[in-house]
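# Report on the structure
In case you want the letters, here they are:
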Amino acid sequence: MGNRLSKIYTRTGDDGTTGLGDGSRVRKDSARVSAYGTVDELNSVIGMLIAHDIGDDIREPLTQIQHDLFDLGGELCIPGMAMVFDDDVARLETVLDGFNDDLPPLKDFILPGGGIAAATCHLARTVCRRAEREVVTLAEHESVRAEATRYLNRLSDLLFVLARVLARRSGHGEVLWQHERRKKPQSA
């Protein structure tokens, strides 16, 4: 392991900058810091999801995903570092396919809900989409490996499928968008 923190505060960030993993300093509102900060936020929301009664078949891949997200945060924090690979994306696809195979095809949009675990999973999905957008923004200005974006894209898909699974397991079921409620009757 790298440097261990014996003192949590250093006061070096009081000027609005933070240190990257390569030792350089950037503004705390830089695209790079926003990207890896949102990946960290996503990891925290997945931690909240894992704290629910979700079953080991979901907990185990999510725990591996937390490790992957920590790696991804490191990759984004250290320009030029490679820590997330195509094999990681393929693993997400395998897990996604395994859970999706047992679900009925979608015919309607689903609202976030379906019990506390499913709703938390939807929250993780939306934070994941934001992280993906921020990585894309970073990639417009600096070098970012394509695997980072692919990983987040696939993870958001997996989180959507897991939210469906969790909603069904909880007994709440999926909350379907009632698009018909806005249609007004035709007047004669």
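What comes next concerns the included structure.

Rules behind the numbers
- Residues numbered from 1 in each chain as written.
- Predicted model: local features only at pLDDT ≥ 70, side-chain atom pairs only at ≥ 80, totals over all residues.
- Heavy atoms only, no water.
- Core = buried A, V, L, I, M, F, W, Y, C linked by side-chain atoms within 4.5 Å.
- Buried < 20%, exposed > 50% of the residue type's maximum accessible area, 1.4 Å probe, protein only.
- Helix = DSSP H or I, 4+ residues; strand = E, 2+ residues; numbered from the N terminus.
- Expected span 1.5 Å × (residues − 1).
- Patch = residues over 30% accessible without salt bridge, like charges linked within 9 Å, V, L, I, M, F, W, Y side chains within 5 Å.
- Areas by Shrake-Rupley, 256 points an atom, 1.4 Å probe, with all protein chains shown as cover.
- Salt bridge = Lys/Arg side-chain N within 4 Å of Asp/Glu carboxyl O.
- Axes fitted to C-alpha atoms, helices over the stretch in contact; angles between N-to-C directions.
- Parallel < 35°, antiparallel > 145°, perpendicular 65-115°, else oblique.
- Left-handed = near helix turned anticlockwise from the far one by under 90°.
- Contact = heavy atoms within 4.5 Å.
- Nonpolar A, V, L, I, M, F, W, Y, C, P; charged D, E, K, R; others polar.

Here we come to the nonpolar core. In terms of nonpolar packing, the biggest core is built from 45 residues, with L42, L62, I65, L69, L72, Y151 and L155 touching the most fellow members. When residues of this core are traced back to their parent elements, those giving at least two are α1 (31-50), α2 (56-77), α3 (86-100), α4 (116-141) and α5 (146-170). Take this core: its biggest share by element is 12 residues, from α5.

Between its terminal C-alpha atoms α1 stretches 29 Å, which fits the 28 Å expected from 20 residues at 1.5 Å a residue. Restricting attention to buried positions, one finds in α1 the residues R32, V33, A35, Y36, T38, V39, L42, N43, V45, I46, L49 and I50.

On to a nonpolar patch on the surface. There is a patch of nonpolar side chains on the surface, built from F109, L111, V175 and W177 and spanning about 380 Å² of accessible area. Here F109 shows up in the loop between α3 and β3 (110-111). In this structure F109 comes out as exposed when scored by relative accessible area, which is 62%.

Moving on: the packing of α1 against α2. Where α1 contacts α2, the two axes come as close as 9 Å, and the packing angle between them is 165°. Our classification of the angle between α1 and α2 gives roughly antiparallel. Crossing geometry of α1 relative to α2 is assigned as left-handed. Packed against α1, whose contacting residues are R32, A35, Y36, V39, L42, N43, I46, G47, L49 and I50, the element α2 presents R59, L62, T63, I65, Q66, L69, F70, L72, G73, E75, L76 and C77 at the interface. For the contact of α1 with α2, the residue count by class is 14 nonpolar, five polar and three charged.

Between α2 and α5, the least distance of the axes is 12 Å, while the angle of their chain directions is 155°. Taken together, the axis directions place α2 and α5 in an arrangement best described as roughly antiparallel. In the packing of α2 onto α5, the handedness of the crossing is left-handed. Every residue of α5 that contacts α2 at D57, I58, L62, I65, D68, L69, L72 and E75 is listed here: A148, Y151, L152, L155, L158, L159, L162, V165, L166 and R169. Of the residues belonging to the contact of α2 with α5, the class tally is 14 nonpolar, no polar and four charged.

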